[in-house]
Amino acid sequence: MKRIAYGGDYNPEQWPEEVWDRDYEAFELAGIDTLTVGVFAWAHLQPAEDRYDFDVLDAVVERAAAEGRRIVLATPTGAMPPWLAHAYPNACRVDFEGRRHVYGQRHNACPSDPDFRRLSVALAGRLARRYGDNPAVVAWHVGNEYGGACWCPACGAAFHDWLRKRYGGLDRLNHAWNTTFWSHTFTDWEQVPPPNALSEHWRGPNHTAFQGITLDYRRFMSDALLGGFVAEKAAIREHVADTPVTTNFMGLYQPVDYHRWAPHLDFASWDNYPPEDPSPVRTAARMALAHGLIRGLKGGKPFWVMEQTPSTTASRDVNAVKRPGVLRLWSWQSVAHGADAVLYFQMRHSRGACEKYHGAVLDHAGRTDTRVFREVAALGAEFTRVGDAVLGARTPARVALLVDWDSWWAVEMSDGPNRNVRYVDVLAAYHRALWQANVPLDVVPVTADLGGYDVVVAPVLHMVKDDLAERVWDLVDRGGSFLATALSGRVDEDDNAFLADVPGPFAGLFGLRVDETDAQRPDVVNPVALGEVEHDARHVFEVIVPEPSTEVLGTYGADFYAGTPAVTRAARGRGSAWYVGTLLDDPGVAAVVRSVLDEHGLAGPLADVPDVEVAERVTAEGARHLFLLNHGGSQVTVPCPADGVDLLRGTAHAAGDDLELAPAAVVLLRCQ
Amino acid sequence: MKRIAYGGDYNPEQWPEEVWDRDYEAFELAGIDTLTVGVFAWAHLQPAEDRYDFDVLDAVVERAAAEGRRIVLATPTGAMPPWLAHAYPNACRVDFEGRRHVYGQRHNACPSDPDFRRLSVALAGRLARRYGDNPAVVAWHVGNEYGGACWCPACGAAFHDWLRKRYGGLDRLNHAWNTTFWSHTFTDWEQVPPPNALSEHWRGPNHTAFQGITLDYRRFMSDALLGGFVAEKAAIREHVADTPVTTNFMGLYQPVDYHRWAPHLDFASWDNYPPEDPSPVRTAARMALAHGLIRGLKGGKPFWVMEQTPSTTASRDVNAVKRPGVLRLWSWQSVAHGADAVLYFQMRHSRGACEKYHGAVLDHAGRTDTRVFREVAALGAEFTRVGDAVLGARTPARVALLVDWDSWWAVEMSDGPNRNVRYVDVLAAYHRALWQANVPLDVVPVTADLGGYDVVVAPVLHMVKDDLAERVWDLVDRGGSFLATALSGRVDEDDNAFLADVPGPFAGLFGLRVDETDAQRPDVVNPVALGEVEHDARHVFEVIVPEPSTEVLGTYGADFYAGTPAVTRAARGRGSAWYVGTLLDDPGVAAVVRSVLDEHGLAGPLADVPDVEVAERVTAEGARHLFLLNHGGSQVTVPCPADGVDLLRGTAHAAGDDLELAPAAVVLLRCQ
Amino acid sequence: MKRIAYGGDYNPEQWPEEVWDRDYEAFELAGIDTLTVGVFAWAHLQPAEDRYDFDVLDAVVERAAAEGRRIVLATPTGAMPPWLAHAYPNACRVDFEGRRHVYGQRHNACPSDPDFRRLSVALAGRLARRYGDNPAVVAWHVGNEYGGACWCPACGAAFHDWLRKRYGGLDRLNHAWNTTFWSHTFTDWEQVPPPNALSEHWRGPNHTAFQGITLDYRRFMSDALLGGFVAEKAAIREHVADTPVTTNFMGLYQPVDYHRWAPHLDFASWDNYPPEDPSPVRTAARMALAHGLIRGLKGGKPFWVMEQTPSTTASRDVNAVKRPGVLRLWSWQSVAHGADAVLYFQMRHSRGACEKYHGAVLDHAGRTDTRVFREVAALGAEFTRVGDAVLGARTPARVALLVDWDSWWAVEMSDGPNRNVRYVDVLAAYHRALWQANVPLDVVPVTADLGGYDVVVAPVLHMVKDDLAERVWDLVDRGGSFLATALSGRVDEDDNAFLADVPGPFAGLFGLRVDETDAQRPDVVNPVALGEVEHDARHVFEVIVPEPSTEVLGTYGADFYAGTPAVTRAARGRGSAWYVGTLLDDPGVAAVVRSVLDEHGLAGPLADVPDVEVAERVTAEGARHLFLLNHGGSQVTVPCPADGVDLLRGTAHAAGDDLELAPAAVVLLRCQ
């Protein structure tokens, strides 16, 4: 039956085969139809360089297939076996502090080491040859949670090659990095060190003497890691024609630029472990942002939640259990935002080591009467009930939020004006305002086609590169609205300042120039009046000189720039360009964002009901599905936003009817 | 005369011989009869590998003996001389960050380095041959404050040997460490790295990918350090038949498992520098716990306080002076808990380097009219007055508190549920409740014979190994009470989870299973009602499913598990098993502990008088001595708990008579 | 025209030559007459070891000279070029953690590396030969902001040489370092390791097992860095007879002992970037202290402010803009304290890398209508107006504040009594009290001639060396007052405790001994009554036993030493010796300091007007100039302290007339 894929990581090689029977009894109870196998299985698949052993994996795959489960087959290369590190010490990374590591942990192979590359690709190829034509295998999953970085000599040499390709010659490199500053003119590629604590850095990865060098190293390292994925994928493709290949991303993960990776994946997937936040509503918004980012990687196509925990994490200082109903609520939220698969890490608790307390569908005793199992099984039953109703459905959006790894990197490694500005904090604040408005939203890279949007929001668009400025002008010219914030338009793609008024290529668009940028400690608040309401602004305060025609929407209330513009709007072409020259609090951001949306009548359903999320998926046949999710702690009564049938309860509702939403309630309304 | 040994570390080699006369005049004034000599004297005892020079030590020993002082002769191997490190660089350790150290500091010799071992043992042997038959030498003191750890290649190889002995083969090792997780299956002993920041660790020594590896390395390192002690002791024993040999422990010192060491010491001794705590009463309890631990190392035999400061420490950020009377109060507390010696570090202030401000009996000016010297001398006079009254006396106890280094290590390196749980905090909380009840108490390892106890309290008994579960069942069967807490019964001796209901081997005993374990930030309080009183619970909240017959004594007041059991009691055999599924505040712990004690009528004298400690020692002849100590800041009047004579003031008191206890008061009541 | 030099760092090699025209147009507008060129230009001056290229610098110098600007010619050796580090890896430092760095950043050449020395000296010589007789070059500026430290083997060997010179033999070294402690007796110079994290240190540079070793290493390293300056200066002097040579200091910069350097500079200069402080008045006092320190380096001769930012810094976490008027106020404050030059870093914003947001006279767009440029230009006009009025003028002072790097180092690396005591905090507190009193003040080393002073204030004079004690006795004998604080008189020049009563050589002078030193956490306050007023004392509390004749001015109000002396005064000879045995709050310090000043009638003008600074310069001809500076946020009206003419506004004022001082107001009164 076609339905939302449900299941997760399954590592039966870690327990005796007699337990497998009980595993499948439990899967049956819980409606689990999809199993990810093979992750981190390298040591038993290849016990020595010259010896392979597929007996256990054969048994696992055969059993799963025989039981009718869909298999996600992972290459096990996210963790190397001891023999490999022992034979090839250079397969281990050199860390930011300049230290060569020895064997241990996982996710730590040097991406430039030829032996690791050779061995991992060979194993991926063997797996593909062996299992590639098994019809139960519905997807390939390469490696695991790619990330981190290496600063070894091999990476240094690969970095030189990468630079040669990017710049052609040292003159262009020296210009790009502005090396006349501090006498850094490089006269030989070999002189360029990997930027770390032994060379250009102090106080950690964000403090560098040369932002350009560090920025390029991050781009290079993202590409170097991608090289491993691409090579394994190619090895798989030698034996597997069509089965899609993916790897599991980690949402807003700074070290890897997923936009550079996305073209190489057949579909996107990610692991949903939201960062700790005492507010459930903020947490829900944060997950929605990440779902949006992932959906945006492949042009809006459905994605997979490759991992989420059934209950607790283990790696945090404090690991709370998921409250009753939260597993269901969050899982449906994933689906609401485009997930066609909801998978858990993990099917059964690990016996020992650092994840033995990580949540699992089955606990150490293997019980099926725990609270966790009961909730897992109930959700499985719901997925069965809903079937393929929303599979493949998309979310048409007229609003876009821009995300840019380069800007993220650049603004956080910048010396000045303010180290307390975190890119994701500002991004998430603007996202929350859009999310609260329940407007269908695309989260896209700065390279995205903006042709289909009415509103584009670009928080901290620090770097402006390629033809972005023109595309934004086009958007505004044809009647769209563009909204940007403080610290935008500052640097070009090499992180060199524009030798022009701030905000650089956008100064004319916004009709202003920033005369100077003040920064203050987090406890300093400057009130910004928007209409009759004052909002708190913090951290960064741009002193703006507007053009006469520019509309001043908000002014600072304090300091020597009191009364000068903080928020402006310029009419341009048939559209408008909005600028917020400071970091506003949530209500302030919401006020601006809602004004922009209102220009286009784009606020979504129940936009004024706090805590209630409404998301939409529309099937290829045009069937509209609204998901209503109550993330708040109280029951609320809301007007049903459309005529429809709740697929979860089977009840019919007319638009405007009262809908009772208990805490953690989910309604899946197929609209009529 | 037989009396409590009184004196301390004496390093006259650091000052001119003419000062020695003034030293002894001061010793005479202060009743000082015991001197520890030779600590850290290696460089002048052996100025080069092929040259020894005992002239100064001869003079020191001769003078001390001639003056009638008892000598504790130390081997100087706690600090190596520069020539040694220079000739044998591998005698220096490799630290947790993987860096080989060079010469400096102390307590830092690699325990696996053959040259250091050879040289330290040779010197110990020479000292024993030279001074072994000097009747003034009453004890040998090997090294100093053993601790720390090394991760060098020699330790790596020694670790492999240790593992071979423990596991026999790699299959058993791989099973013990659960290496199928993250592809860690070892196929050669050489592949096993010392677990540190370059291999399995991140964020420091408690964050490891493989708890089993790190746990074994801690056990190994404790044994490796012990190897140095054992080898030096053996060298001494070649020349010294009977004089007891010890080394100075450091109380609740996590890196070294004193229970593994205890059999090798002839008597236990320790250095009493309590951790900073703004509450004098908590500090007093903390010292009582450590005294108990040390006394428990040798089956309850008297121990020595080998060091305490006469006034200030120097190594802390803030080093307060001991308030008036505190030196006396704490010294008598030591005796009350079984010390037969009370020694200071140090007799005279060091002139330079990092301990020049560490407290001393004599200050830099050598005055005997300082407040510190006056208090030292007054205490010396009291020790003279009391003579041998309590020497050798023991403390019979029917209550035991279990301490387990393995559980301590395991729970604090565990990923999940909560990094904020500190083993010693919970241990100390339960100890404080017992201490406040003034009940005679043994602090014993989990291997102890429980046959003599009515009540056994086991906070955070995370690991359950060997036959412990059976011995606890026996205790309860024959009428005893067993009390355990959250996070108990979780792992076996390899730190693998029991594949059973939590708390593993004890689930049946307590009549419950833990369905899930919630964890919350330190500021989250869940009120737990015990009878009519609510207490604060924090950090960890086990959601308990009790058997029908299990008595629920306390329930959670908040969160989704409000109303479910937090504290339970199960009647088993003739006894009872108590379980506290969370971390209660002090009054909560006290309420539970007092209930358990009350089942056996075991609360001690003045159990309800805050701040007043009562401890007991009984001589071989049966003479009972009660020590009353007022750790509070106010004078209190208490009923005398027995007929007796205060040996300090010579006054007689009848049971029930009013006793006035000023702040810092001490009464030593010989009961009649 | 002779006037205050005005301008700053100018690096036109970083932008195209066509921009230079616009630079000079702006300089003209702003009255900029002085340009520092060549800083960090090594890579383009010497693109390879065997190739020099002076074309660009020739053009820069010719243009500046032709435009009538004064040139400060810098040797570019503060930043090495990539080819140098690549060819000579040992030119890079080994850091405190024992790691050899590779190429990156700046200010990081090993001072003991022979290749770096050879190459840097050769380049300095070439520059001197080429530009030495250019009359536009008014000063030479060697290197840049010397600082940091290296722990490489070459430095280790140089340290051994330095020690050999200092101690002659190992016996004296062992005595100086008190090496019998912890078995550290060195028997070969080679055994002495550079003290860092791999040898004597833990928890960073201030935690050392042997204070004596670390102290000597700091002295050595300060000398080693000085060696680089001296060698470059000598190379310049081979070609340049008279032009003065300097380097830019950094105020109260702990790693380098500027008193050891001062004799080698022809005039003193420094970079004025005051540490962040929310209080503008405290910031003003802090800058005044640093100006005083720098002026004191060359016996009171005028100095240069070599750098200050026109607006923001970039390197801090939060980089605020200078408020309107602050650039002018602070610049005039510099002049008031003896600066004859006020220079900015930098003339034009850097395009890229870590200083691209550092403030500049010209922004990235090159505008001359920014707020910053307008303020710069207005100040330039004022400097033109004032001309040479105060050039070369001095500040006669009868009060001295002692500063001692050795004491600073020693007290902060001391184990005990209290790590929370920061030397500069106490120094600054006493300075603030003197500054608030507007008394002309010299800030001088402990080696200074005290013959001309009536009052000498010595906060935390931890170390007493050479003939200091006698000179202080002389001061008091002839009628002067000496004021010292807690933690004074503790150690000799090797950091060994005086074997005498505390405060060592001063105990007799102050008429007291410190019986013990209590230390408490920062939140513990002990009230100290001075007359009728109670002040807060914190951190350190010396328990003082006074001689009968010693006057007790203040007593502790709490703890077991309540009622004992905290502040005392002893009449000695014709003078007085004041002692403050604790760390008082600002009002407490002010009360004591004012009492001392009042003994000599030395309080300055407007001493009781908060926030208003009055400073004085007297020309060689005896013309007295008073600078009045309002650092507060409010306008105040004050009586004019003398008859005179305000050179800035051209207005005449009689003594006692009302002067209105707006916030940030500056009055420069030439007295009549």
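Residues numbered from 1 in each chain as written. Chains lettered and ligands numbered in written order. Predicted model: local features only at pLDDT ≥ 70, side-chain atom pairs only at ≥ 80, totals over all residues. Heavy atoms only, no water.

### Considerations on the packing of helix 3 (residues 55-66) of chain B against helix 5 (residues 114-131) of chain B
All names here are of chain B.
Phase 1 of the analysis: Two numbers describe how helix 3 lies on helix 5: the axes approach to 12 Å, and their chain directions differ by 45 degrees. For the element pair helix 3 / helix 5, the angle class is oblique. In this structure, helix 3 meets helix 5 at a crossing whose hand is right-handed. Two secondary-structure elements touch here, helix 3 through L57, D58 and V61 and helix 5 through L127, R130 and Y131.
Phase 2 of the analysis: The class makeup of the residues in the contact of helix 3 with helix 5 is four nonpolar, no polar and two charged. (Axes fitted to C-alpha atoms, helices over the stretch in contact; angles between N-to-C directions. Helix = DSSP H or I, 4+ residues; strand = E, 2+ residues; numbered from the N terminus. Parallel < 35°, antiparallel > 145°, perpendicular 65-115°, else oblique. Left-handed = near helix turned anticlockwise from the far one by under 90°. Contact = heavy atoms within 4.5 Å. Nonpolar A, V, L, I, M, F, W, Y, C, P; charged D, E, K, R; others polar.)

### What about the packing of aromatic side chains?
Think of a pair of aromatic rings as described by two things: how far the centres are apart, and how the planes are tilted against each other in angle.
Phase 1 of the analysis: One pass over the full model with this rule turns up 126 aromatic pairs over all chains.
Phase 2 of the analysis: Ring geometry for F506 of chain A versus F510 of chain A: centroids 5.9 Å apart, planes at 65 degrees, classification edge-to-face. Summarising the burial analysis for this pair, F506 of chain A and F510 of chain A share the class buried.
Phase 3 of the analysis: Aromatic ring contacts, followed pair by pair, group F96, W151, F159, W162, Y167, W177, F186, Y217 and F220 of chain A together with Y103 of chain C into a single cluster.
Phase 4 of the analysis: Against the face of W15 of chain B rests R348 of chain B, its NZ or CZ located 5.6 Å from the ring centre. (Phe/Tyr/Trp six-rings, centres within 6.5 Å; stacked < 30°, edge-to-face > 60°. Buried < 20%, exposed > 50% of the residue type's maximum accessible area, 1.4 Å probe, protein only. Lys NZ or Arg CZ within 6 Å of the ring centre and 35° of its normal.)

### Section: the pattern of salt bridges
Opposite charge on two side chains makes pairing possible when the charged atoms of those side chains draw close.
Phase 1 of the analysis: Across all of its chains, the model carries 156 salt bridges over all chains by this definition.
Phase 2 of the analysis: A salt bridge links D115 of chain B to R118 of chain B, with the nearest nitrogen and oxygen atoms 2.9 Å apart. Highlighted residues: D115 of chain B and R118 of chain B, both in helix 5, separated by three residues, approximately one helical turn.
Phase 3 of the analysis: By relative accessible area, D115 of chain B is classed as partly exposed at 22%.
Phase 4 of the analysis: The exposure class of R118 of chain B is partly exposed, given its relative accessible area of 39%.
Phase 5 of the analysis: The partner of D406 of chain C in a salt bridge is K465 of chain C, with the nearest N and O atoms 2.4 Å apart. Of the two residues, D406 of chain C is situated in helix 13 (residues 405-412) and K465 of chain C in the loop between strand 12 (455-458) and helix 15 (468-477); the sequence distance between them amounts to 59 residues.
Phase 6 of the analysis: Ionic contacts of the salt-bridge type, sharing partners, join the residues R166, D216, R219, D404, D406, K465, E493 and D494 of chain A into one network. (Salt bridge = Lys/Arg side-chain N within 4 Å of Asp/Glu carboxyl O.)

### Focus: helix 10 (residues 280-297) of chain C
Phase 1 of the analysis: Between its terminal C-alpha atoms helix 10 of chain C stretches 26 Å, which fits the 26 Å expected from 18 residues at 1.5 Å a residue.
Phase 2 of the analysis: Of all 18 residues in helix 10 of chain C, 15 are buried; the element is thus mostly enclosed. (Expected span 1.5 Å × (residues − 1).)

### Examining the relation of the copies chain C and chain B
Phase 1 of the analysis: Once chain C is rotated about the relating axis by 120 degrees and shifted along it by 0.0 Å, it coincides with chain B to within an RMSD of 0.1 Å. The operation mapping one copy onto its partner corresponds to a three-fold rotation axis. Within chain C, R99 of chain C has its C-alpha nearest the rotation axis, a separation of 5.5 Å. (Least-squares fit on C-alpha atoms with pLDDT ≥ 70 in both.)

### Here we look at the environment of D501 of chain C
Phase 1 of the analysis: Within the fold, D501 of chain C resides in the loop between strand 13 (481-485) and helix 16 (507-510).
Phase 2 of the analysis: Once the C-alpha coordinates of D501 of chain C and G416 of chain C are considered, the two residues, 85 residues apart in sequence, prove to be 17 Å apart.
Phase 3 of the analysis: In terms of polar contacts, D501 of chain C uses its side chain to reach the side chain of R367 of chain B, at 2.6 Å. (Polar contact = N/O pair within 3.5 Å; in protein donor to acceptor, adjacent residues only side chain to side chain.)

### Topic: the side chain of R351 of chain C
Phase 1 of the analysis: Mapped onto the elements, R351 of chain C comes out in the loop between strand 9 (339-344) and helix 12 (371-386).
Phase 2 of the analysis: Within the buried core, R351 of chain C has no salt-bridge partner, and the shortest N-O distance to an opposite charge, that of D492 of chain A, equals 4.9 Å.
Phase 3 of the analysis: From its side chain, R351 of chain C meets the backbone oxygen of H175 of chain A in a polar contact 2.6 Å long.
Phase 4 of the analysis: Ignoring sequence-local partners within four residues, the contact set of R351 of chain C consists of H175, N178, N496, A497 and L499 of chain A together with K356 and H364 of chain C. (Lys, Arg positive; Asp, Glu negative; His and termini not counted.)

### Regarding the pairing of strand 13 of chain C
Residue and element names in this part refer to chain C.
Phase 1 of the analysis: By the criterion of burial, strand 13 is predominantly enclosed, with five of the five residues buried.
Phase 2 of the analysis: Bridging between strand 12 and strand 13 involves four bridges; their strand directions are parallel. Paired with A458 across the two strands is A484, which belongs to strand 13.
Phase 3 of the analysis: On the question of chirality, the crossover connecting strand 12 to the parallel strand 13 by way of helix 15 is right-handed. (Pairing = 2+ DSSP bridges. Right-handed = clockwise from strand over helix to strand, strands pointing away.)

### Points about the nonpolar core
Phase 1 of the analysis: Formed by 565 residues in total, the largest nonpolar core has its most connected members in W332 of chain A, W332 of chain B together with W332 of chain C.
Phase 2 of the analysis: For W332 of chain A, the residues in contact, after removing those within four places along its chain, are I4, L379, E382, F383, V386, F627, L629, L648, V666 and L668 of chain A. (Core = buried A, V, L, I, M, F, W, Y, C linked by side-chain atoms within 4.5 Å.)

### Observations concerning the UniProt feature "binding site: substrate" (unreviewed entry) in chain A
Phase 1 of the analysis: Summarizing the sequence annotation, UniProt attributes the feature "binding site: substrate" (unreviewed entry) to R106 and N144 of chain A in the numbering used throughout. The largest pairwise C-alpha distance within this set of annotated residues, which runs over 39 residues, is 9.4 Å, so the set is compact in three dimensions.
Phase 2 of the analysis: Take R106 of chain A: it is sitting in the loop between helix 4 (82-87) and helix 5 (114-131).
Phase 3 of the analysis: Among all residues touching R106 of chain A, those that are not within four sequence positions of it are F40, G78, A79, N144, E145 and E355 of chain A together with W182 of chain B.
Phase 4 of the analysis: Within the secondary structure layout, N144 of chain A lies in the loop between strand 4 (137-141) and helix 6 (153-167).
Phase 5 of the analysis: On the basis of relative accessibility, which here comes to 4%, the residue N144 of chain A falls in the buried class. (UniProt positions renumbered as here; feature names shortened; annotations may be inferred.)

### A few points about the interface of chain A and chain B
Phase 1 of the analysis: Listed per partner, the contact involves 49 residues of chain A and 54 residues of chain B.
Phase 2 of the analysis: Taken together, both faces of the contact between chain A and chain B bury some 4500 Å²; the carbon and sulfur share is 50%.
Phase 3 of the analysis: Between chain A and chain B we count nine salt bridges in total.
Phase 4 of the analysis: Put simply, the parts of the chain that give the side of chain A that touches chain B at least two residues each are helix 2 (42-45), helix 4 and helix 12 (371-386) of chain A.
Phase 5 of the analysis: Among the residues making up the side of chain A that touches chain B, the classes are represented as 22 nonpolar, 13 polar and 14 charged. (Buried area = accessible area lost by both parts, 1.4 Å probe.)

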